[in-house]
Amino acid sequence: MLRMIWNPQRPGPMPFHRYRSHEDRVTVLAPDRGWPSARIESAPLWVPVDLRDGNQALAEPMDTARKHRFFELLVSMGFKEIEVGYPSASRADFDFVRHLVDRVRANAVPDDVTPVVFTPARTDLIDRTFASIDGLPRAVVHLYIPTSPVWRDVVLGRDRAAVRATVTEAAAHMARLADARPDAHIRFQFAPETFNLTEPDFALALCDGLTELWDASPDRPVTHNLPATVEIATPNVYADQIEYMHRNLARRDSVILSVHPHNDRGTGVACAELAVLAGAQRVEGCLFGNGERTGNVDLVTLALNLYAQGVDPMLDLSDIDAVRETVEHCNRLPVHPRHPYAGDLVHTAFSGTHQDAIAKGLAHHAKQAADLGVEPREAPWSVPYLPIDPADIGRSYEAVIRVNSQSGKGGTAYLLRTHHGLDLPAGLRRDFSRVVQEATDDSGGEARPDELYALFRTAYLAPGRPDFDGAVSVLSWATDTAADGAHRCVCTLRAGGRTGDFEGYGNGPLSAFVDALSAAGVAVDVLDYSEHALTSGGASEAVAYARCRVGGAGTAEGAGGLEVWGVGVDTSLLAASVQAVVSAVNRAGATG
């Protein structure tokens, strides 16, 4: 292989030569592909297999109580076909199906929800399976057998003809048992396990044979479920395999083409999406991707991927945390904090550039909603870094922006504004972000909104209070207005180690106070000033922000002075502005 000068990687030590490409393991027939230009415009039929396939993957399988809670969750979310167990595999699975029969008799299962049960191609186990569903008014019986060469040779010890004979015998037995129950609506499903490693002609012949044997029709269709039992190739290969079956299956209008992707290569979601593009109408998977090895395809991610494209997923995921809580309880497995859509941190930004973009995006969204005259929940969504509105799945905005040493001024300012009402001027945002970064660098952890406010209070508010031990303390002050309109400030100050009464004049109360400071030997120029109420209402506190040059004030260039921000909060706006200037003076003293 030609090595490029820009790529210094060298051959690794792992024995990669032991493994074969998918091209050496299965023939893929894909002339005239149509799926690359297709679009997904509606949701497929979602079929959760948590209670069977997912349950088999648990170190401690669910008991009836946990299975029942999970089943109720699936029904409430809007699933209409639910694989509920493998009744011939264990007493627990058989008993749960019987539990559902009792629930149906009690009218506790909606009429439009169909249980699915799973069985291998053995007549005695099929009998056990049919015994479990006795009393159900509707059900799908799912027949499976491994079909690929390595499974035929190593696991079953049968050739193609023997596998086909086994499947045909099992399917005929199922048909006889279903015919004996004319009062029940029983449909059939077939899965050639390891389909993605099976010769295309053999998979097609097996499926077509059962379509005919079961006499499928549009009003009683058969489901052919084509699993990527163990992922072996990139998702486009699976799409080619599904499209071949979609185009060539007999009685296509009487067949529901289903897929069951696993996640061995970490591409289960992509496999499912491309399979739907290729003609699949039904997708089996688990909530949050539980399953053997690396899991089954994740139905939550698939559904919300559609949602993010403006397609109705036809599932209720409006309270994602309640869904996750139930699944974690039943599976006794945690959902990863970075799980798409549902993880604790998935809508959270720590990076300063991300935080700034999100904060601006949320402000723009609120303005757009106001301009349109609609609630923010109804306005079109377009916020950087957030593919969907967290509120749509029951998340609040409180965790969208969180601050650590990687964060910047935007995230810090956003949290102070949303949690404490402080709308910092741009220059103060930069100034405070340095304070935060120093604190988080030292701690190595995250700063929560209340911790940020504590830092802000210590850095900016405390230095302006009368009890602060700094360069200047204001013990008392008062202002009045002379007949000529000039403002006068009389104050008692402790400055430079001495206490005295000082007087100053200016064109406003704050400038008069600054003049009084000058009389006490404290040189200050107010370079920038802003103010706002912290909350609405007449009793609200006000906050004042002052950028001051302390020392060297009054000179042409402010020689020797320091530019420092100060902040004050009080029910009196004038008192807040006085505190802000004193805060700047004391902070300059500490800095100097």
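Rules of the game
- Residues numbered from 1 in each chain as written.
- Predicted model: local features only at pLDDT ≥ 70, side-chain atom pairs only at ≥ 80, totals over all residues.
- Heavy atoms only, no water.
- Helix = DSSP H or I, 4+ residues; strand = E, 2+ residues; numbered from the N terminus.
- Contact = heavy atoms within 4.5 Å.
- Areas by Shrake-Rupley, 256 points an atom, 1.4 Å probe, with all protein chains shown as cover.
- Lys, Arg positive; Asp, Glu negative; His and termini not counted.
- Charge placed at Lys NZ, Arg CZ, Asp CG, Glu CD.
- Domains from an automatic or database assignment.
- 1 Å grid on protein atoms, 1.4 Å probe; cavity = no way out; pocket = protein on both sides within 12 Å on 5 of 7 lines; lining within 4 Å.
- Points joined across faces, edges and corners; volume = space filled by probe spheres on them.
- Nonpolar A, V, L, I, M, F, W, Y, C, P; charged D, E, K, R; others polar.
- Phe/Tyr/Trp six-rings, centres within 6.5 Å; stacked < 30°, edge-to-face > 60°.
- Buried < 20%, exposed > 50% of the residue type's maximum accessible area, 1.4 Å probe, protein only.
- Lys NZ or Arg CZ within 6 Å of the ring centre and 35° of its normal.
- Pairing = 2+ DSSP bridges.
- Right-handed = clockwise from strand over helix to strand, strands pointing away.
- Expected span 1.5 Å × (residues − 1).
- Arc of directions from axis to C-beta.
- UniProt positions renumbered as here; feature names shortened; annotations may be inferred.
- Polar contact = N/O pair within 3.5 Å; in protein donor to acceptor, adjacent residues only side chain to side chain.

Caption draft 1: Broad picture of the overall build of the protein. Scanning the protein for helices and strands turns up 17 helices and 14 strands. On the principal axes, the C-alpha backbone points of the protein span a range of 110 × 70 × 45 Å. For the protein, restricting intrachain contacts to residue pairs at least 6 apart in sequence, the fraction spanning at least 24 positions comes to 67%. Looking at the protein as shown, the accessible area adds up to about 27,400 Å², and 51% of this sits on carbon and sulfur atoms. Taken as two groups, the 55 positive and 76 negative side-chain charges of the protein have centres that lie 5 Å from each other.

Caption draft 2: The arrangement of the domain arrangement of the protein in detail. Assigned domains of the protein: these are domain 1 (35-331), domain 2 (344-400), domain 3 (403-464) and domain 4 (470-553 + 560-591). Taking only C-alpha atoms into account, the centre of domain 1 sits 52 Å from that of domain 3.

Caption draft 3: How the structure looks around empty space enclosed by the protein. Taken as a whole, this structure holds four cavities of 30 Å³ or more when the rule is applied. Computed from the structure, the largest cavity encloses a volume of approximately 70 Å³. If you trace the largest cavity, you find it lined by Ile40, Pro44, Trp46, Ala272, Glu273, Val276, Val283, Leu302 and Leu306. Of all elements in the fold, only α9 (268-277) and α10 (299-307) reach the threshold of two or more residues within the lining of the largest cavity. Ranked by residues supplied to the lining of the largest cavity, first place goes to α9 with three residues. A class-by-class count of the residues in the lining of the largest cavity yields eight nonpolar, no polar and one charged.

Caption draft 4: Examining the packing of aromatic side chains more closely. One pass over the structure, following the stated rule, counts eight aromatic pairs. Geometrically, the ring pair formed by Phe432 and Phe456 is edge-to-face, given 5.3 Å between the ring centres and 90° between the ring planes. Remark: Phe456 occurs in helix α15 (residues 449-461) and Phe432 occurs in helix α14 (residues 426-443); sequence separation between them is 24 residues. With relative accessibility at 0%, the residue Phe432 sits in the buried group. Residue placement shows Arg52 over the ring face of Phe118; its charged tip is 3.6 Å from the ring centre. Arg128 extends its terminal NZ or CZ atom over the ring of Phe94, reaching a point 3.7 Å from the ring centre.

Caption draft 5: A look at the pairing of strand β2 (residues 81-85). Burial of β2 is extensive: five of the five residues sit out of reach of the surface. Of the pairings in the sheet, the one linking β2 to strand β3 (residues 114-120) comprises four bridges and is parallel in character. Paired with Gly85 across the strands is Val117, a residue of β3. Remark: the β2/helix α3 (residues 91-105)/β3 crossover connection has right-handed handedness.

Caption draft 6: Molecular detail of α3. With 15 residues, α3 should reach 21 Å at 1.5 Å per residue; the first-to-last C-alpha distance of 21 Å fits that figure. Among all positions of α3, only Asp93, Phe94, Phe96, Val97, Leu100, Val101 and Val104 are buried. The buried residues of α3 occupy an angular sector of 160° when projected down its axis, which confines them to one face. With respect to the buried face of α3, the exposed residues turned more than 90 degrees away are Arg91 and Arg105. Residues of α3 that are buried make contact with α1 (50-56), α2 (64-77), β2, β3 and α4 (123-132). Two residues or fewer past α3, Asn107 is found with a positive phi of approximately 60°.

Caption draft 7: Spotlight on the UniProt feature "binding site: Mg(2+)" (unreviewed entry) in the protein. Using the residue numbers shown here, the UniProt feature "binding site: Mg(2+)" (unreviewed entry) corresponds to Asp53, His260, His262 and Asn296. These residues run over 244 residues, yet every pair of their C-alpha atoms falls within 10.8 Å of each other. Lining the largest pocket, from the set of annotated residues above, are Asp53, His260 and His262. Residue contacts for Asp53: discarding those within four places in its chain leaves Glu83, His260, His262, Glu292 and Asn296. Checked against the element boundaries, His262 lands in the loop between β7 (255-261) and α9. In this structure His262 comes out as buried when scored by relative accessible area, which is 5%. If near-sequence neighbours (up to four positions away) are discounted, His262 is found in contact with Asp53, Ala228, Thr229, Glu231, Gly268, Glu292, Arg293, Gly295 and Asn296.

Caption draft 8: Seen up close, the side chain of Arg587. Mapped onto the elements of the fold, Arg587 is located in helix α17 (residues 573-591). Here Ala459 takes part through its backbone oxygen, which lies 2.8 Å from a polar atom of the side chain of Arg587. Arg587 has contacts with Asp431, Ala459, Tyr460, Pro463, Val564 and Trp565, leaving out every residue within four places of it along the chain.

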